[in-house]
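Spelled out, the chains give:
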Amino acid sequence: MADHEAGIAPKARRVQDDSDSGLGLCGWILVITSLFFTVITFPISIWMCIKIIKEYERAIIFRLGRILKGGAKGPGLFFVLPCTDSFIKVDMRTISFDIPPQEILTKDSVTVNVDGVVYYRVQNATLAVANITNADSATRLLAQTTLRNVLGTKNLSQILSDREEIAHSMQATLDEATDDWGIKVERVEIKDVKLPVQLQRAMAAEAEAAREARAKVIAAEGEMNASRALKEASMVITESPAALQLRYLQTLTTIAAEKNSTIVFPLPINMLQGLIGANR
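Below is a short write-up of the structure. Keep in mind that what you see is a predicted model, and the values were worked out from it rather than measured. (Residues numbered from 1 in each chain as written. Predicted model: local features only at pLDDT ≥ 70, side-chain atom pairs only at ≥ 80, totals over all residues. Heavy atoms only, no water.)

1. Brief notes about the sheet that holds strand β8 (residues 183-194)
So, point 1. Across the sheet, three strands lie side by side as β6-β7-β8; this open sheet has antiparallel pairing. Taken across any chain shown, the strands that pair with only one partner, and hence form the sheet edges, are β6 (95-105) and β8. Averaged over all pairs of adjacent strands, the angle between their axes in this sheet comes to 25 degrees, without regard to strand direction.
So, point 2. As paired strands, β6 and strand β7 (residues 111-122) are joined by nine bridges and run antiparallel to one another. When the sheet's bridge partners are listed, Q102 is paired in β7 with V114.
So, point 3. Packed onto the sheet, helix α7 (residues 163-177) meets β6, β7 and β8 and runs at close to 145 degrees relative to β8. (Pairing = 2+ DSSP bridges. Helix = DSSP H or I, 4+ residues; strand = E, 2+ residues; numbered from the N terminus. Axes fitted to C-alpha atoms, helices over the stretch in contact; angles between N-to-C directions. Contact = heavy atoms within 4.5 Å.)

Structure, rendered in C-alpha cells:
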C-alpha cells in the first residue's frame, strides 16, 4: 500500500518528482537482467524478492539509487528485485524525547535552566529519507535551539506563568521547520524551570514580606471594625443606663463559669461617690 500523505510542501514535491525521473537505457538493461535472473532462478529467488513490513512501518524502495514512483510501500508484502533494489524502513509511530536542560538568559537578565519534552512522528516517510540524513537527530537539535530562542524573548514571570503559551509557540515553530523533512510535531511541554539558589531566596523573602504586609493590613482593618462596634455599643449603653448593669451581670456570669476563686465585682462610680459623701 502506498503512503500518500497530504500537505506536502511545494519544495518537497519537487524533490520527490526529481527522484522519480527515468532510469535511462543502462538502468533499464540492468533491471531487465535482474528480472530475467529472478525468473530463471524461481522459486529460490522468491525468498529474496518478497519482503514484509509491519503495520507501523513503511518501506522506501530505491531502484538503482532512485526512489520508485508511488512513494512508500507497506504495510504488508512488497516485491523487490535483487541486485538493483534496496529499501529503508521508516517507523511511523510517535516518538518522544527529552530536551536536555538549557541554560537560558531571559529578557530581564535572569539565568535559568529549562528542560522539556517533545512528541513527534514521521508524517511522510519519503521526505524523511530523501530530504535529510537523520530526521531524529535533526529534530532533537532543532528543539534545543528553538527552546533557547523562544525563552530568550520572555521575562522570568512570563516563563513561570505562561508555560502553555510557550509550549504552543515552540510547537508551531518546530512543526513549520520540520515540515520539509516529513516530520509532524504533535506536542511540546515545558517540564521544569530551575532558578538559581540566590534568586529563590530573594523570591521567598519577597513573598514572606508581602504576606506579612497583608497580615498587618488585615489586623488593622479588624481593629478598625472592632472600634466601630465598640463605639456603637457605647452609644446604645448611654441611651439606657440599665444596660450597663446588665453588662456587669453578664461579665460576672462569664467569670464564674471559669471556676475562679477570686471574683472582681465592678461598682458604679456614682455609688462610691454616694458612700463617700455619707461618711463625710
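2. Some details on the pairing of strand β2 (residues 57-63)
So, point 1. By the criterion of burial, β2 is predominantly enclosed, with seven of the seven residues buried.
So, point 2. Side chains E57, A59, I61 and R63 of β2 all project onto a buried face; the interleaved residues R58, I60 and F62 project onto the opposite face, where all are buried too.
So, point 3. Summarising the sheet, β2 and strand β3 (residues 66-67) pair through two bridges and their orientation is antiparallel. Among the inter-strand pairings, F62 is bridged to a residue of β3, identified as I67.
So, point 4. Counted along the chain from β2 to the antiparallel partner β3, the turn is two residues long, and its residue L64 has a positive phi close to 55 degrees. (Buried < 20%, exposed > 50% of the residue type's maximum accessible area, 1.4 Å probe, protein only.)

3. Quick notes on the environment of K107
So, point 1. Here K107 shows up in the loop between β6 and β7.
So, point 2. For the pair K107 and G152, spaced 45 residues apart in sequence, the C-alpha to C-alpha distance is 5.9 Å.
So, point 3. Ignoring anything within four residues of it in the chain, the contact list for K107 reads G152, T153, K154 and N155.

No statement about biological role is implied by the geometric values presented.
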